[in-house]
Amino acid sequence: MMACDLAPAHVRTLLAYQPGKPIEELAREFGLAVHDIVKLASNENPLGSSPRALLAIDQALPEMARYPDGNGYVLKSALSRKFAVQPTQIVLGNGSNDVLDLAARTFLHSGASAVYAQHAFAVYPLVTQAAGARGICVPAKEYGHDLEAMLAAMAPDTRLVFIANPNNPTGTLLSNEALLFFLRRVPPQVLVVLDEAYGEYLPENLRSKSMDWLAEFPNLLVTKTFSKAYGLAGLRIGYALAHPDVAELMNRVRQPFNVSSLGLVAATAALDDDDFIARGYAANRLGMAQLTQGLRHLGIEFIPSEANFLACRIGNASMVYQRLLAQGVIVRPIAAYGMPEFLRVSVGLAAENERFLQALKTAIEEQ
Ligand SMILES: *Cc1c(COP(=O)(O)O)cnc(C)c1O
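The rules we used
Residues numbered from 1 in each chain as written. Predicted model: local features only at pLDDT ≥ 70, side-chain atom pairs only at ≥ 80, totals over all residues. Heavy atoms only, no water. Pairing = 2+ DSSP bridges. Helix = DSSP H or I, 4+ residues; strand = E, 2+ residues; numbered from the N terminus. Contact = heavy atoms within 4.5 Å. Axes fitted to C-alpha atoms, helices over the stretch in contact; angles between N-to-C directions. Buried < 20%, exposed > 50% of the residue type's maximum accessible area, 1.4 Å probe, protein only. 1 Å grid on protein atoms, 1.4 Å probe; cavity = no way out; pocket = protein on both sides within 12 Å on 5 of 7 lines; lining within 4 Å. Points joined across faces, edges and corners; volume = space filled by probe spheres on them. Nonpolar A, V, L, I, M, F, W, Y, C, P; charged D, E, K, R; others polar. Phe/Tyr/Trp six-rings, centres within 6.5 Å; stacked < 30°, edge-to-face > 60°. Domains from an automatic or database assignment.

Enquirer: I tried to follow the sheet that holds strand β12 (residues 332–333) on my own but got confused; where do I start?
Expert: Reading across the sheet, the four strands line up as β9-β10-β13-β12 and stay open at both edges, with antiparallel pairing between neighbours. Strand pairing shows two members of the sheet lacking a second neighbour, β9 (301–303) and β12, which therefore form its edges. Here strand β10 (residues 309–313) runs beside strand β13 (residues 342–346); their pairing, made up of five bridges, is antiparallel. Bridge assignment links phenylalanine 309 to a residue of β13, and that residue is serine 346. Those strands touched by helix α13 (residues 317–326) are β12 and β13, and its axis lies near 35° from that of β13.

This is the structure:
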């Protein structure tokens, strides 16, 4: 008997998360030049990183022999000002994925369950299973969350419900009204994890009101990230805002130095970079219009998206994915999300979007 055979069954049956293909990997596999490759596979910021963050990183480099501030005092102070919450309501994470995992490790166990939607972010089932808990996957409604069905699916042992808004990979959005109505009916022993990774891409009239709800709902945990609109995916930094008791429990479970010094200083500097966020928002709007227009022109259906990516319905998606790769264009197959006939494409710069549309046209015509 080997140690691996004796690992818990929920660990042995875990399926690893499949990230977007890295540019260097495609370059190696297809003998392509790195600068000829367009990656629209991980919803990264095509404008790069907030320049303020890059400057802060530069200035922090001489201090790298020291451990980071394990409590993230400076970043938490900045977040607390921005969102009008107490620093004790904040949990910092090595990306918001870390925070999602912390929520699962803090509140789930082998006798508990978590509810999430079909076609929702793959990390929810993953962290649920890794915590030894039971996942309850609720069928989607028009590719989005069916909140009524999610309420109905909750069991006596349910401790968490995950909601991505907008959702990845579908780009669907729940209204503030629908979410508030849901929150009012969720039993108090169920923590609602509201994942707002793409919140900065929403137009003013659709912006989340979740910050107003924290005081009213002690069972609400809102997660946000610096990976997308702030352009800091490589640094791994995200956070959650919740009731102080919830945050305190999660802060006990986390690793003492789960966020790096560079992540802390970069995030603090980026947080007030309204100009960078505004430019990213505008570029995303333009790019989204370019992509949707191009797809319509090609006769390709897509799910209307409120984020920085689009799920496109493409017959023979896995073959088209390969043909795009051969042309140096990386998108994301989402068969693992129960959407085998779709490819997800991130909104890029105008030239990148154009490369994708051209390559897609070629890939489809070859069929
Ligand atoms: C990209 C993404 C995140 C962010 O992950 P990080 O760990 O912060 O990089 C979180 N939730 C969803 C739904 C995402 O798509």
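Enquirer: Got a minute to help me understand the environment of alanine 41 in this structure?
Expert: Following the sequence through the fold, alanine 41 ends up in the loop between β1 (38–39) and α3 (51–60). The exposure class of alanine 41 is buried, given its relative accessible area of 0%. For the pair formed by alanine 41 and arginine 332, sequence separation is 291 residues and the distance between their alpha carbons is 4.9 Å. Setting aside residues up to four positions removed in sequence, alanine 41 forms contacts with Gly20, Ile330, Val331, Arg332, Arg344 and Ser346.

Enquirer: Just to check I follow, could you spell out empty space enclosed by the protein for this structure?
Expert: A probe as big as a water molecule, rolled over the atoms, marks out the empty space that is left. Under the counting rule described, the total for this entry stands at two cavities of 30 Å³ or more. When its volume is computed, the largest cavity comes out at roughly 60 Å³. Taken together, the residues of the lining of the largest cavity sort by class into five nonpolar, five polar and no charged. In this model, the second largest cavity occupies a volume close to 40 Å³. In terms of lining residues, the second largest cavity is bounded by Asp69, Gly70, Gly72, Leu92, Arg254, Pro256, Phe257, Asn258, Val259 and Leu264. Of the residues contributing to the lining of the second largest cavity, the split by class is five nonpolar, three polar and two charged.

Enquirer: I would appreciate a short explanation of the sheet that holds strand β5 (residues 158–164) in the present structure.
Expert: What links the strands of a sheet is backbone hydrogen bonding, and the strands pair in either a parallel or an antiparallel sense. One open sheet holds the seven strands; their spatial order is β2-β8-β7-β6-β5-β3-β4, and the pairing between them is mixed. Looking at which strands have only one partner, the edges of the open sheet turn out to be β2 (90–93) and β4 (134–138). Taking each pair of neighbouring strands and ignoring which way they run, the sheet shows an average axis angle of 20°. The pairing of strand β3 (residues 113–117) with β4 spans five bridges and is classified as parallel. Looking at β4, one finds that serine 113 is bridged to arginine 134.

Enquirer: Could you clarify how one ought to interpret the packing of aromatic side chains in this entry?
Expert: To describe a pair of aromatic rings, you give the distance between the ring centres and the angle between the ring planes. Under the definition given, this model contains nine aromatic pairs. Between phenylalanine 83 and tyrosine 239 the ring centres are 6.2 Å apart and the planes differ by 40°, which places this aromatic pair in the tilted class. Within this pair, whereas phenylalanine 83 is found in helix α4 (residues 73–83), its partner tyrosine 239 is found in strand β8 (residues 238–241), the two being separated by 156 residues in sequence. Like phenylalanine 83, the residue tyrosine 239 is buried in the burial classification. Centre to centre, the rings of phenylalanine 121 and tyrosine 124 are 5.6 Å apart; their planes meet at 80°, and the pair counts as edge-to-face. Of the two residues examined, phenylalanine 121 and tyrosine 124, each falls in the buried class.

Enquirer: Quick question: what am I supposed to make of the layout of surface pockets here?
Expert: Empty space within the largest pocket amounts to approximately 720 Å³. Along its surface, the largest pocket is lined by 38 residues, and Ser42, Asn43, Glu44, Lys228 and Ala233 are the ones closest to its centre. Elements represented by at least two residues in the lining of the largest pocket include exactly α2 (23–30), β1, α5 (96–107), α6 (123–130) and β13. Of the residues forming the lining of the largest pocket, the biggest block, three residues, is contributed by α5. Taken together, the residues of the lining of the largest pocket sort by class into 19 nonpolar, 10 polar and nine charged. Structurally, the lining of the largest pocket is a two-domain feature, drawing no fewer than three residues from each of domain 1 (19–47 + 275–365) and domain 2 (51–272). Quantified by volume, the second largest pocket comes out at close to 610 Å³. No other element matches the four residues that α6 contributes to the lining of the second largest pocket.

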